[in-house]
Amino acid sequence: MFRRDRCRLVFFSTIIAILSALAGCGAMDTAAGRVANPSLEKVELLVSAAVSMADSLQDIQAMYEKKQPQVALRFSFGASGSLRRQIEQGAPVDLFLSAGEQNMKSLADAQIVDGDDHSALFSNELVVIVPADSALSIRQMEDLLSANVKSVAIGDPRTVPAGMYAQEALASMNAWEPLQSKTVFGNNVRQVLAYVETGNADAGMVYKTDALATDKVKAVLAVDSGSHRPIHYYIGIVKETKHREQAKAFYHFLQGQEARDIFTRYGFGNVR
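The structure presented is a predicted model; accordingly, all values stated were derived computationally and were not measured. (Residues numbered from 1 in each chain as written. Predicted model: local features only at pLDDT ≥ 70, side-chain atom pairs only at ≥ 80, totals over all residues. Heavy atoms only, no water.)

**Here's the deal with the overall build of the protein chain**
For the record, the criterion: Put simply, DSSP marks the helices as runs of H or I at least four residues long and the strands as runs of E at least two long, and each gets a number from the N terminus on. For every residue, the accessible area (1.4 Å probe, protein chains only) is compared with the maximum for its type, and the residue is labelled buried under 20%, exposed over 50%, or partly exposed between those bounds. Two residues qualify as a contact provided that any one of their heavy atoms is within 4.5 Å of a heavy atom in the partner residue. For the accessible areas, the method is Shrake-Rupley and the probe is 1.4 Å, while residue cover comes only from the protein chains on display.
Within the protein chain one finds 10 helices and 12 strands. Looking at the protein chain as a whole, 47% of its 272 residues are labelled buried. Of the contacts formed within the protein chain by residues at least 6 apart in sequence, a portion of 79% connects residues at least 24 apart. Working note: accessible area of the protein chain is about 13,800 Å², and carbon and sulfur atoms make up 51% of it.

Structure representation (structure tokens):
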């Protein structure tokens, strides 16, 4: 009798230990960007991101979903200002990746993004591009005013951070107003890139990372970083997210070394 009771005790103790171990596997380490959720139902995270991040984030998506198969990432790419307005109007977004500080600051000031849940992610540079087969000689910003340059594409400064930086750079040399007659505005930086790729604009101003993404244009001039405010990208978690733990884990993952290696490969720099 005693032997039978002892066997039962060992059996139930073993079951309890196994269940405890399984429960432990369901724990979450958000600081390391890991979410171990044993649920079979996938959690979908909607990430609104500056379109200049599209290529790098698609690589990160493949990596992250392989590491975390219970999380599905869905991206909405566009101009940072337009995405910010969508979030302000109640779009069900979990995380926001902005190409400029001001849009993130606006959401933080409005308590839509928590002050503790947003930070600078990386930096970028502004360059002047022309079609790959262009014979135009542009060695300084003033050359954009030349009669040989018929049209210059930039992002709409009201909603596109790259356009805002371009406006600041041109204004610093008193060229913003004189250039208006031949300026073509794009709804986002990738549209500006497309204008130059197709020859619908003789020149354009985009991020270095955009110029590196295609062989249909060439960067002919790096814009002086002192002529505009620093180009820093920001990441933030939207307060109304219904998946805070998963959003927090991805937030930390994007700041980790694996993601940073991908961003660096696409030409993004560290925040100084």
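**Concerning the environment of T198**
For clarity, the threshold we go by: Any pair of nitrogen or oxygen atoms within 3.5 Å is treated as a polar contact; in protein, a donor-acceptor pairing is required on top of that, and neighbouring residues in sequence qualify only through side-chain atoms on both sides.
Mapping T198 onto the fold places it in the loop between α7 (189-197) and β10 (203-207). What makes T198 exposed here is its relative accessible area of 55%. Separated by 67 residues in sequence, T198 and P131 place their C-alpha atoms 7.6 Å apart. A distance of 3.3 Å separates a polar side-chain atom of T198 from the backbone oxygen of Y195.

**Some thoughts on the sheet that holds strand β4 (residues 71-78)**
As a reminder of what qualifies: Only strands that DSSP links by at least two bridges are regarded as paired with each other. To define axes, lines are fitted to C-alpha atoms, for helices over the stretch in contact only, and angles between the resulting N-to-C directions are given on a 0 to 180 degree scale.
Pairing is mixed across the open sheet formed by five strands, whose spatial order is β4-β3-β5-β12-β6. Here the strands that pair on one side only, and so sit at the sheet edges, are β4 and β6 (113-123). Across this sheet, the average inter-strand angle for adjacent strands is 20°, counted without regard to direction. Bridge analysis of strand β5 (residues 95-98) against strand β12 (residues 232-238) gives four bridges, and the strand direction is antiparallel. From the neighbouring strand, S98 faces β12, where its bridge partner is Y234.

**Considerations on the nonpolar core**
Here is a general trend for soluble globular proteins: nonpolar side chains tend to be buried in one another's company. Operational definition: What makes a nonpolar core is a set of buried Ala, Val, Leu, Ile, Met, Phe, Trp, Tyr and Cys residues whose side-chain atoms join them at distances within 4.5 Å.
Membership of the largest hydrophobic core comes to 69 residues, with the highest contact counts inside it found for M141, L144, M205, F250 and F263. Contacts of M205, omitting those with residues within four sequence positions, involve L126, V127, V128, M141, L144, A153, I154, A166, L170, V192 and V223.

**Considerations on the packing of aromatic side chains**
Filter applied, for reference: The rule is short: rings of Phe, Tyr and Trp, with Trp giving its six-membered ring, pair when the centres are within 6.5 Å, and they are stacked under 30 degrees, edge-to-face over 60, tilted in between.
Counted according to the given criterion, the structure contains 11 aromatic pairs. Where W176 meets F185, the ring centres are 6.4 Å apart and the plane angle is 55°; that geometry is what we call tilted. Take W176: its relative accessible area is 11%, and that puts it in the buried class. Ring geometry for F263 versus F268: centroids 6.0 Å apart, planes at 90°, classification edge-to-face. Across the pair, F268 and F263 agree in class, each one buried.

**Some points on helix α2 (residues 54-67)**
Rules: One less than the residue count of a helix, multiplied by 1.5 Å, gives the span that helix is expected to have. What the arc describes is the spread of directions from the helix axis to the C-beta atoms.
Its 14 residues give α2 an end-to-end C-alpha distance of 20 Å, which sits within 8% of 20 Å, the value for a rise of 1.5 Å per residue. Along α2, the residues classified as buried are A54, S56, L57, I60 and Y64. Within α2, the buried residues cover an arc of 140° as seen down the axis, which keeps them to one side. Facing away from the buried surface of α2 by more than 90 degrees, the exposed residues are A62 and K66.

**With respect to the pairing of strand β3 (residues 43-50)**
Taking burial as the measure, the eight residues of β3 include seven buried ones, the bulk of the element. As paired elements, β3 and β4 share eight bridges and run parallel to each other. Counterpart to V43 in the pairing with β4 is V71. Sheet topology note: the β3/β5 ladder contains three bridges and is parallel. From the neighbouring strand, S48 faces β5, where its bridge partner is F96.

**Quick word on the sheet that holds strand β9 (residues 183-186)**
Sheet strands pair via backbone hydrogen bonds, and the direction of the pair is either parallel or antiparallel. Reading across the sheet, the five strands line up as β9-β8-β10-β7-β11 and stay open at both edges, with mixed pairing between neighbours. Edge positions in the sheet fall to β9 and β11 (217-222), since each has one partner strand and no second. Within the sheet, the average angular offset between the axes of one strand and its neighbour, ignoring direction, is 35°. The sheet contact formed by strand β7 (residues 126-131) and β11 spans five bridges and is antiparallel. By the bridge assignment, I129 is partnered in β11 with A219. The sheet contacts of α7 involve β7, β8 (152-155), β9, β10 and β11, and relative to β10 the element is tilted by about 145°.

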